[in-house]
Amino acid sequence: MKTDTKDDMTNIREMVLSFIRPTQAEKTNLETVRKGIIDDIVKIARREGQLDIIPISVGSAERNTWLRGNHDIDVFISYPEDTSFNEFYQKSKALLTEMAKTGDSWEDRHSEHPYIHIRKEGFEVDLVPCFRVKSGAEIKSAVDRTPFHCVYIKENIRGLEEDVMLLKQFMKGTGVYGSEVRTGGFSGYLTELLTIHCGGFEQVLKQASEWKHGTLIDIAAHQTIEHDDPLVVVDPTDPKRNVAAALSLTKFSLFIDRARFFLKSPSVEYFSKKEYPPLTAEEYKRLAEKRGTKWIAVSFKTPPIAEDTLYPQLFRLEKSLKEILTRNEFTAVNTFSWSEEHKQSIVFLEVLNDLLPPLQKRVGPPVWNESNAASFCQKYKDSPDTFSFAIENERYVAEVLRKHRSAAPLIEDMLFKEAALGRHVRDSLKDGYEILQNEDIEKIESEAFWKFMNEKLAARIEP
């Protein structure tokens with residue numbers, strides 16, 4: 001997918017579409033597998049006495065906005081709205097248990113909601129039970145609005161399907177596609193809504209190049225709740241929901257940047273994401289020496305939970321470790337979280353100043369805050385670790401012996417005392433962890449980790 005950067009937009013569109021349009025063979029194969037899955041659901045439901053369920057095909061395959069090579073099938077299994085939660089859970093669990101047997105392999109991915117993923121004949125299939133509610137604003141469970149999304153897009157996307165494909169591929173190529181917590185980018189539904197609202201691929205980029213934080217798009221003109229997000233796209237099926245709530249500020253800003261530069265100099269290169277090879281041991285050493293910083297990795301076994309449950313806990317730990325470092329006068333210039341399913345999770349921190357002097361200055365309360373001042377004085381005034389104790393302006397100050405001069409021992413000491421630990425991450429850390437530093441980090445054997453590190457530390461957007 002290479003061409004001169006001066007190729008006009010029409011040529012670029014056709015060249016990209018020639019690579020991303022699903023082939024007729026793919027379409028036929030997908031439809032055959034999807035029909036077979038729906039037939040299996042109906043057959044099993046009848047056998048289980050569940051005569052009131054209705055399978056609903058959703059997702060980009062149903063809306064003809066999917067890309068070549070994307071073998072995802074989404075089928076929702078709807079139950080009557082008046083079904084109790086207990087009955088819903090028991091019935092759907094029984095049905096999904098039987099459906100799992102129809103796949104080549106399967107995974108139970110439910111957290112609070114029943115949901116399984118099966119692999120069948122080369123396809124990745126999500127089977128999700130839901131309630132058959134009257135509208136997207138009257139949902140009983142978080143997934144109930146999805147069938148309404150599908151209906152809305154099918155009714156409004158006609159003639160713009162290929163523009164959606166182009167926008168998705170552009171977002172993939174520029175690294176902003178994917179609404180999972182780990183990515184924090186644009187969802188497929190959001191991409192479709194933007195295309196409908198703006199009227200096409202190029203029009204989305206032109207409008208995006210002028211976006212600012214807090215940009216509001218309300219297609220149905222029915223917003224009922226204010227949202228404090230970088231981009232607010234009110235769900236046309238639910239006036240309370242921001243479809244772009246999962247979009248991070250970084251990915252929002254990166255999309256604006258890439259849209260501007262593409263419009264200035266269109267090129268098919270924007271539609272292909274650069275692949276970074278794993279850092280070699282030699283490259284790692286060279287990069288670490290060149291940066292001259294301290295690298296620290298907290299490594300532990302990945303908890304057996306869904307990625308979207310794990311990553312908020314990883315990000316929470318990452319943020320709290322950075323705050324602990326900052327409070328203790330260490331400067332963390334980069335922090336990352338990474339995980340490999342069933343294997344290893346890592347919170348990585350890059351610190352500018354690893355060895356601090358023995359002396360640390362503690363600033364206490366104002367002298368007129370008697371109770372807090374008394375506590376501060378009691379703690380520091382006569383302590384053998386105190387170099388000096390004085391009043392500066394209105395506050396007590398103590399120059400004391402620093403407990404942790406290096407960042408890694410500080411993290412080790414505070415990990416369970418002050419770090420924010422989600423339940424699953426805490427349990428995994430209790431089972432064992434390692435705090436690795438510069439040269440020890442080389443021991444990490446995962447190729448996926450070193451690809452991730454190469455992209456995070458070596459990658460730069462090109463102007």
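Here goes a summary of the coordinates provided. (Residues numbered from 1 in each chain as written. Predicted model: local features only at pLDDT ≥ 70, side-chain atom pairs only at ≥ 80, totals over all residues. Heavy atoms only, no water.)

## Re the environment of A332
Next, step 1: Examined against the element boundaries, A332 turns out to sit in strand β10 (residues 332–339).
Next, step 2: A relative accessible area of 10% places A332 in the buried class.
Next, step 3: Spatially, the C-alpha atoms of A332 and T215 are 31 Å apart, while their sequence positions differ by 117 residues. (Helix = DSSP H or I, 4+ residues; strand = E, 2+ residues; numbered from the N terminus. Buried < 20%, exposed > 50% of the residue type's maximum accessible area, 1.4 Å probe, protein only.)

## A few points about the state of the cysteines
Next, step 1: Here the structure, examined in full by the defined rule, presents zero disulfides.
Next, step 2: Looking at the unpaired C150, the closest cysteine sulfur is the one in C130, lying at 12 Å. (Disulfide = S-S within 2.5 Å.)

## Concerning the packing of aromatic side chains
The description of an aromatic ring pair uses the distance of the two centres, along with the angle that the planes make with each other.
Next, step 1: Tallied over the entire structure, the rule returns 27 aromatic pairs.
Next, step 2: Pairing W211 with F255 gives two aromatic rings, centres 5.8 Å apart and planes at 45 degrees, and the pair type is tilted. One end of the pair, W211, is in the loop between α8 (201–208) and β6 (215–217); the other, F255, is in helix α9 (residues 249–264), with 44 residues separating them in the sequence.
Next, step 3: Take F255: its relative accessible area is 0%, and that puts it in the buried class.
Next, step 4: Taking the centre distance of 5.3 Å and the plane angle of 70 degrees together, the rings of W338 and F449 count as edge-to-face. One end of the pair, W338, is in strand β10; the other, F449, is in helix α15 (residues 447–458), and 111 residues separate them in sequence. Taken as a pair, W338 and F449 share a single burial class, namely buried.
Next, step 5: Joined through ring pairs, the aromatic side chains of F170, F186, F201, W211, F252, F255, F262, Y270 and F271 make up one cluster.
Next, step 6: Of note, K140 hangs over the ring of F85, and the distance from its end group to the ring centre comes to 5.1 Å.
Next, step 7: A cation over a ring is seen here: K140 above F131, with NZ or CZ 4.2 Å from the ring centre. (Phe/Tyr/Trp six-rings, centres within 6.5 Å; stacked < 30°, edge-to-face > 60°. Lys NZ or Arg CZ within 6 Å of the ring centre and 35° of its normal.)

## Remarks on the nonpolar core
Note on soluble globular proteins: their nonpolar side chains tend to be buried together.
Next, step 1: Counting residues in hydrophobic clusters, the biggest one holds 44 residues, and the most contacted among them are F186, W211 and F255.
Next, step 2: Of all the secondary-structure elements, those providing two or more residues to this core are α1 (9–20), α5 (146–156), α6 (161–173), α7 (188–198), α8, β7 (231–235) and α9.
Next, step 3: In this view, F186 contacts M171, V176, Y177, G178, S179, T191, L194, W211, L231, L247, K251 and F255; residues no more than four positions away in its chain are not counted.
Next, step 4: Counting residues in hydrophobic clusters, the runner-up holds 27 residues, among them I296, V347, V351 and L356. (Core = buried A, V, L, I, M, F, W, Y, C linked by side-chain atoms within 4.5 Å. Contact = heavy atoms within 4.5 Å.)

## Description of the sheet that holds β6
Next, step 1: As summarised here, the arrangement of the three strands in space is β6-β7-β8, forming an open sheet in which the pairing is mixed. Lying at the two open borders of the sheet, with one neighbouring strand each, are β6 and β8 (238–242). When strand polarity is set aside, the average angle formed by the axes of neighbouring strands in this sheet is 25 degrees.
Next, step 2: In this sheet, β8 lies alongside β7 in antiparallel orientation, the contact comprising two bridges. By the bridge assignment for β8, D235 is matched with D238. (Pairing = 2+ DSSP bridges. Axes fitted to C-alpha atoms, helices over the stretch in contact; angles between N-to-C directions.)

## Points about unusual backbone geometry
Next, step 1: Despite not being glycine, A221 has its phi angle at roughly 50 degrees, a positive value.
Next, step 2: Examined against the element boundaries, A221 turns out to sit in the loop between β6 and β7.
Next, step 3: With a phi angle near 75 degrees, E329 is a residue other than glycine that sits in the positive phi range.
Next, step 4: Residue placement: E329 occurs in the loop between α11 (307–327) and β10.
Next, step 5: Since its relative accessible area comes to 39%, E329 is described here as partly exposed.

## Notes on the side chain of K120
Next, step 1: Within the secondary structure layout, K120 lies in strand β4 (residues 116–120).
Next, step 2: At a separation of 3.0 Å, a polar atom in the side chain of K120 contacts the side chain of D40.
Next, step 3: Residues within four places of K120 in sequence aside, it is in contact with V33, I37, D40, T102, G103 and D104. (Polar contact = N/O pair within 3.5 Å; in protein donor to acceptor, adjacent residues only side chain to side chain.)

## A closer look at the environment of R158
Next, step 1: Tracing the sequence through the fold places R158 in the loop between α5 and α6.
Next, step 2: Between the alpha carbons of R158 and V232 there is a distance of 24 Å; along the sequence they are 74 residues apart.
Next, step 3: Separated by 3.1 Å, the side chain of R158 and the backbone oxygen of E155 make a polar contact.

## Things to note about the packing of α8 against α9
Next, step 1: Contact pair α8 / α9: the axes reach a minimum separation of 8 Å and the direction vectors enclose 115 degrees. Our pair here, α8 against α9, has a crossing hand that is left-handed. Of the residues in α9, those in contact with F201, V204, L205, K206 and A208 of α8 are F255, I256, A259, F262 and L263.
Next, step 2: Of the residues belonging to the contact of α8 with α9, the class tally is nine nonpolar, no polar and one charged. (Left-handed = near helix turned anticlockwise from the far one by under 90°. Nonpolar A, V, L, I, M, F, W, Y, C, P; charged D, E, K, R; others polar.)

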